[in-house]
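# Residue-level structural notes
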Amino acid sequence: QEIAGAKLRVVPFQEWVSTVALGYSLDDRNSFSTEGLSIPEQFMTTRRTASWQNDLSIGTQQLLTLGYDYSDDHVTSTTTYTRTSRETHGLFGQYQLGFGAQDLNLGYRHDHNEQFGNHDTGSIAWGRKLDENMRLYASYGTAFHAPTFNDLYYSSPFFQGNPDLQPEESNSSEIGLKGRNGQLGWQLSAYRTDISNLIAYDAATNTVQNVNKARIDGIEAEANTAINDWRLNAAISLINPRDVSTDNILARRSRQSAHFAIDRRLGDLDVGMETIAVGKSYDDAANNVPIAGYGLLNLRARYRLARDWRIQGRIENLLDKDYQTVANYNSPGRSYFMGVSYEPSR
């Protein structure tokens, strides 16, 4: 796997900030025969992206954003695909307005997907400060998601693509309340997402299918605080992901999850621990194949070597827990990561 990117930010004048970003990613994979199954295969995908975003300040409480996105996906493989390349062009705009204790955000986007045509999406968000420490907000938006080349065409003894897939289209609404009381920050929110043609894996047929109508209702709560050099964060999510026509739980989606993290600064050293808990789910659309819930413990550390240099490391799944998010596919055991970063100061 290779990833590369570059970003250039230019300020022609105080009210105009222009940002150009370029990106490239490569996923080159070789699969070999195993346990008597002959499935040697090469699979390589590349994606090139470019974007140009312009932020224009209008007065003291208005911001207009205009931009253009481009992506080019290409696949080469020993598996024969019906289509091996696809371009997507996107135009987007956003208007942010503040007036008194309220703020308003309006967004619009037009995408032209070479394979799936034109799609228009938009959003509106509103917020109001109830007092100095509490804010009420609400939003509504629509979205579009095209199936990947794998979803459409990939073929193996364990998976068969579905060339008849249609893009997902969805609309989401959310309402929430956030605030701060002394050192304690908190947020509560509830949302609903209705999806047409949800792209979901069907374990019974080893392929992906469109779920005609899906609905996901959710409630989320989060709290954080800082006590001297300690930082604590906790979050919980309760969701109800359903296939509207069958009332079954959507495949591979847990209805409960929780996260807790604690970090401590010791001079130039930052250390932290996090726990993750995920409830059970189902591997299939018929809800006949359960996947057990699991809990994980992770550690992390970051040390400042010099003003601009830092070394960081983390251990994921510290207790080497055996767990699965997909039936019969084991997830990684205890894993170690290290890195060095250079962040030049101005």
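Owing to the predicted nature of the structure, the values given are computational and were not obtained by experimental measurement.

## Some details on the overall build of the chain
Helices and strands together make up the secondary structure of the chain, namely 1 helix and 23 strands. For the chain, the spread of C-alpha atoms along the principal axes amounts to about 65 × 50 × 45 Å. Evaluated residue by residue, the chain yields a buried proportion of 29% over its 346 residues. For the chain, the share of sequence-separated contacts (at least 6 apart) that also reach a separation of at least 24 residues comes to 48%. Surface accessibility of the chain: about 20900 Å² in total, with carbon and sulfur atoms responsible for 54%.

## Topic: the packing of aromatic side chains
A complete count under the given rule lists 6 aromatic pairs for this structure. Relative to Tyr153, the ring of Tyr81 has its centre 5.9 Å away and its plane inclined at 70°; by these criteria the two rings are edge-to-face. With a gap of 72 residues between them, Tyr81 in the loop between β4 (62–77) and β5 (85–99) and Tyr153 in helix α1 (residues 149–153) connect regions that are remote in the sequence. A relative accessible area of 8% means that Tyr81 is categorised as buried. Every member of this aromatic cluster is reached through a ring pair, and the members are Phe43, Tyr81, Phe149 and Tyr153. Arg86 extends its terminal NZ or CZ atom over the ring of Phe149, reaching a point 4.8 Å from the ring centre. Here the guanidinium or amino end of Arg314 rests over the ring plane of Phe337, the centre of that ring lying 4.0 Å away.

## Some thoughts on the nonpolar core
Grouped together as the largest cluster of nonpolar side chains are 14 residues, with contacts concentrated most on Val75, Tyr81, Leu152, Tyr153, Phe159, Leu165 and Val208. Looking at this core, the elements with two or more residues in it are α1 and β12 (184–202). Ranked by residues supplied to this core, first place goes to α1 with 3 residues. Here Tyr81 is in contact with Phe43, Val75, Phe149, Asn150, Tyr153 and Tyr154, once residues within four sequence places are set aside.

## A short note on a nonpolar patch on the surface
A surface patch of nonpolar side chains, amounting to about 640 Å² of accessible area, comprises Leu8, Val10, Val20, Leu22, Trp52, Tyr68 and Leu91. Of all the secondary-structure elements, those providing two or more residues to the nonpolar patch are β1 (2–13) and β2 (16–31). Relative to the assigned elements, Trp52 resides in strand β3 (residues 41–57).

## Digging into the side chain of Asn287
Its location among the elements puts Asn287 in the loop between β17 (281–282) and β18 (290–291). Of the residues examined, Asn287 reaches a relative accessible area of 18% and is grouped as buried. From its side chain, Asn287 meets the backbone nitrogen of Ile249 in a polar contact 2.9 Å long. If sequence neighbours within four positions are ignored, Asn287 has contacts with Asn248, Ile249 and Tyr282.

## A word on unusual backbone geometry
Keep in mind that most residues, glycine aside, have a negative phi and that most peptide bonds are trans. Positive phi, close to 60°, is recorded for Arg252, a residue that is not glycine. Along the chain, Arg252 turns up in the loop between β14 (230–243) and β15 (256–266). Positive phi, normally seen in glycine, also occurs at Asn287, with a value near 60°.

## Observations regarding the pattern of salt bridges
Once their charged atoms are close, side chains differing in charge can pair, the charge on each being opposite to the other. Inspection of every chain in the model, using the stated rule, returns 16 salt bridges. The partner of Arg302 in a salt bridge is Glu343, with the nearest N and O atoms 2.9 Å apart. Of this pair, Arg302 sits in strand β19 (residues 294–304) while Glu343 sits in the segment after β23 (335–342); the two residues are 41 residues apart in sequence, bridging distant segments of the chain. The class for Glu343 is partly exposed, based on a relative accessible area of 36%.

## Digging into the environment of Asp55
The topology assignment puts Asp55 in strand β3. Asp55 sits in the buried class, given a relative accessible area of 17%. With 10 residues separating them in the primary sequence, Asp55 and Thr65 have C-alpha atoms 4.5 Å apart. Beyond its immediate stretch of four places on either side in the chain, Asp55 contacts Glu15, Trp16, Val17, Leu63, Leu64 and Thr65. Only 3.3 Å separates the side chain of Asp55 from the side chain of Gln53, close enough to count as a polar contact. A polar contact of 2.7 Å, which involves the side chain of Asp55, links it to the side chain of Thr65.

The rules behind the values
- Residues numbered from 1 in each chain as written.
- Predicted model: local features only at pLDDT ≥ 70, side-chain atom pairs only at ≥ 80, totals over all residues.
- Heavy atoms only, no water.
- Helix = DSSP H or I, 4+ residues; strand = E, 2+ residues; numbered from the N terminus.
- Buried < 20%, exposed > 50% of the residue type's maximum accessible area, 1.4 Å probe, protein only.
- Contact = heavy atoms within 4.5 Å.
- Areas by Shrake-Rupley, 256 points an atom, 1.4 Å probe, with all protein chains shown as cover.
- Phe/Tyr/Trp six-rings, centres within 6.5 Å; stacked < 30°, edge-to-face > 60°.
- Lys NZ or Arg CZ within 6 Å of the ring centre and 35° of its normal.
- Core = buried A, V, L, I, M, F, W, Y, C linked by side-chain atoms within 4.5 Å.
- Patch = residues over 30% accessible without salt bridge, like charges linked within 9 Å, V, L, I, M, F, W, Y side chains within 5 Å.
- Salt bridge = Lys/Arg side-chain N within 4 Å of Asp/Glu carboxyl O.
- Polar contact = N/O pair within 3.5 Å; in protein donor to acceptor, adjacent residues only side chain to side chain.

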